[in-house]
Amino acid sequence: MRTRAALPRFTSLLFLLFLPPVFSSSRPQWVPQRVPVVLPQQTEARPTPHFLTPARLDVSSPCDPECHKKAPRPSYWDLRRLLAYETLHSDGQLTETAIGIYGYDPNSDTSPAYSSGSSEKSEQSHIRRKRQIFGHDGRFSIAGQTFLLKYPFSVAVKLSTGCSGTLVGDRHVLTAAHCVHDGKNYVKGAQKLRVGFLKPKHRDTQASSFYIPSNFTNHVEGASYAPPINDKMKFQWIRAKRTHVPKGWIKGNANDIGMDYDYALLELKKPHKRRHMKLGVSPPAQKLPGRRVHFSGYDNDRPGQLVYRFCRAGEETSDLLYQHCDAQPGASGSGVYARMWDGRRRRWERKVIGVFSGHQWVERLGASQEFNVAVRITPLKYAQICYWIKGNFVDCREG
């Protein structure tokens, strides 16, 4: 909690931090692109899961950015195997679906994933870190009905397994695969998975003690800076009907390069009646406004509070985006989004471009290195997730 004396200094710092950058050319824009088609082919029943292991709110990997960049390029048949998926139904039934890929040209992939190095590496990528808060804690607790129920904060939800998620359809929630599956089996609570929507218990008309003006929202979302009052908040829960998890995650061991596929989609039993956020194919980090990414989630060190943060994107591969956004366990599964200009609709548009996987650490030459990692939405992943949401490929040809 901040003192009154510290607030003016904090306000000045925010003002300097939130000044919009000057763009020398045109606005950063969403560039429409045709995406491949990912279609289900054959679905077969699988043995009923065990649901024994509690969900882990953080995951680890022995593979750092350089390790991922040196990974062999997956073949067409590899991709078919990785993008095949399991579907867990609320009655405990489990199915596996094979997929076909159409209109995909692997030679058109110009991402930095398989190059010898990133063209613009983050200066902080090899600095030792000891915590998931990197220096000054830059997270904002979103307080009050005015903001909690306002887009884009209203798209953030909490999973009953302890993770976060993002509304991406009338009934659909995008989250991290490790929130429902540990790489070997579905976790405890996955069969009766619920999604929580934070709502105020009573009408909150009290004025905020600090407010970020809305004209700064091109870079930082408008938010109140006031200690949230926990006894005014509650979660309304909706059961999940189906859960889709790519086979790229289900490889018998969650602590390998499979974190490229650490994403899952939940279908709710009834509509949530809130505005959702659109999906977008993840652009290169250097094309993001100020290289910034944003996400909101339910960090477990601030129970009952929605926590928003933004930071500068760092290194990237074709599947992963590395950054040092302040986060704690519980935020994993949050939708990482960017806000850019939609030239056809003539307006600024927020789109989910990744899923926050969590805090990763690796041992390299005897030294510990730490990163926060998001799974990027590639054209193939966009096609797959969009099909899960829409149920057809016609509405999923452009990302």
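What you see is a predicted model, and the numbers here were worked out from it, not measured in a lab.

*Asks:* Any chance you could explain the overall build of the chain here in plain terms?
*Replies:* For the chain, the count of helices and strands is 5 helices and 17 strands. Buried residues in the chain amount to 57% of all 399 residues. As displayed, the chain has an accessible area near 18,100 Å², and 51% of this comes from carbon and sulfur atoms.

*Asks:* Looking at this model, I keep getting lost on the side chain of Glu 349. Mind explaining?
*Replies:* Mapped onto the elements, Glu 349 comes out in strand β16 (residues 347–364). Within the local environment of Glu 349, its side chain forms a polar contact with the side chain of Arg 347, the two groups lying 3.4 Å apart. With sequence-adjacent residues up to four places away left out, Glu 349 is seen in contact with Trp 30, Lys 278, Ala 338, Arg 339, Met 340 and Asp 342.

*Asks:* Help me out: how do you make sense of the state of the cysteines in this one?
*Replies:* By definition, a disulfide links the sulfur atoms of two cysteines through a covalent bond. This structure, assessed with the given rule, holds 3 disulfides. Disulfide partner of Cys 163: Cys 179, at an S-S distance of 2.2 Å. The sign of the S-S torsion, about -95°, decides the handedness of the disulfide formed by Cys 163 and Cys 179: left-handed. Of this pair, Cys 163 sits in the loop between β5 (156–159) and β6 (164–167) while Cys 179 sits in the loop between β7 (172–175) and β8 (194–200), placing them 16 residues apart in sequence. Take Cys 163 and Cys 179: they sit in the same class, and that class is buried. Note on cysteine connectivity: Cys 311 is disulfide-linked to Cys 325, with sulfurs 2.0 Å apart.

*Asks:* Which parts of the structure should I look at to understand the environment of His 172?
*Replies:* Tracing the sequence through the fold places His 172 in strand β7. Sequence separation of His 172 and Lys 390 is 218 residues, and the distance between their C-alpha atoms is 9.9 Å. If sequence neighbours within four positions are ignored, His 172 has contacts with Thr 166, Leu 167, Leu 265, Leu 266, Glu 267, Trp 388 and Ile 389.

*Asks:* How should unusual backbone geometry be read in this particular structure?
*Replies:* If a residue is not glycine, its phi is most likely negative; likewise, a peptide bond is most likely trans. In this model, Tyr 151 is joined to Pro 152 through a cis peptide bond whose omega is 10°. Looking at where Pro 152 falls in the secondary structure, it is placed in the loop between α4 (145–148) and β5. With a phi angle near 55°, Phe 51 is a residue other than glycine that sits in the positive phi range. For Phe 51, a relative accessible area of 14% gives the class buried. In the Ramachandran plot, Arg 291 falls in the positive-phi region, its phi being about 60° despite a non-glycine side chain. Inspection of the secondary structure assignment puts Arg 291 in the loop between β11 (278–279) and β12 (292–297).

*Asks:* For this particular structure, what's the right way to read helix α3 (residues 76–83)?
*Replies:* Because an α-helix completes one turn every 3.6 residues, residues spaced three or four positions apart along the sequence face the same direction. Regarding α3, the residues found buried are Leu 79, Arg 80, Leu 82 and Leu 83. Around the axis of α3, the buried residues are gathered within 170° of arc, so they sit on the same side. Close packing links the buried residues of α3 with β1 (37–46), β2 (85–89), β3 (94–102), β9 (233–246) and α5 (379–390).

*Asks:* Just checking my understanding: could you explain the packing of aromatic side chains for this structure?
*Replies:* What characterises a pair of aromatic rings is the spacing of the ring centres plus the angle enclosed by the ring planes. Taken as a whole, this structure holds 11 aromatic pairs when the rule is applied. Between the aromatic rings of Phe 235 and Tyr 298, the centroid separation amounts to 5.4 Å while the plane-to-plane angle is 65°, which identifies the pairing as edge-to-face. Of this pair, Phe 235 sits in strand β9 while Tyr 298 sits in the loop between β12 and β13 (306–316), and the two are 63 residues apart along the sequence. Assessed through its relative accessible area of 22%, Phe 235 is described here as partly exposed. Here Tyr 298 falls in the buried class, since its relative accessible area comes to 4%. Measuring from centroid to centroid gives 4.6 Å for Phe 295 and Phe 356, while their planes differ by 25°, and the two rings are stacked. Separated by 61 residues along the polypeptide, Phe 295 in strand β12 and Phe 356 in strand β16 bring together distant segments of the chain. Just as Phe 295 is buried, Phe 356 falls in that class too. Following the ring pairs from residue to residue traces out a cluster consisting of Tyr 85, Tyr 261, Tyr 263 and Trp 388. Note that Arg 27 overlies the ring of Trp 341, its terminal NZ or CZ placed 4.0 Å from the centroid.

Conventions and cut-offs
- Residues numbered from 1 in each chain as written.
- Predicted model: local features only at pLDDT ≥ 70, side-chain atom pairs only at ≥ 80, totals over all residues.
- Heavy atoms only, no water.
- Helix = DSSP H or I, 4+ residues; strand = E, 2+ residues; numbered from the N terminus.
- Buried < 20%, exposed > 50% of the residue type's maximum accessible area, 1.4 Å probe, protein only.
- Areas by Shrake-Rupley, 256 points an atom, 1.4 Å probe, with all protein chains shown as cover.
- Polar contact = N/O pair within 3.5 Å; in protein donor to acceptor, adjacent residues only side chain to side chain.
- Contact = heavy atoms within 4.5 Å.
- Disulfide = S-S within 2.5 Å.
- Arc of directions from axis to C-beta.
- Phe/Tyr/Trp six-rings, centres within 6.5 Å; stacked < 30°, edge-to-face > 60°.
- Lys NZ or Arg CZ within 6 Å of the ring centre and 35° of its normal.

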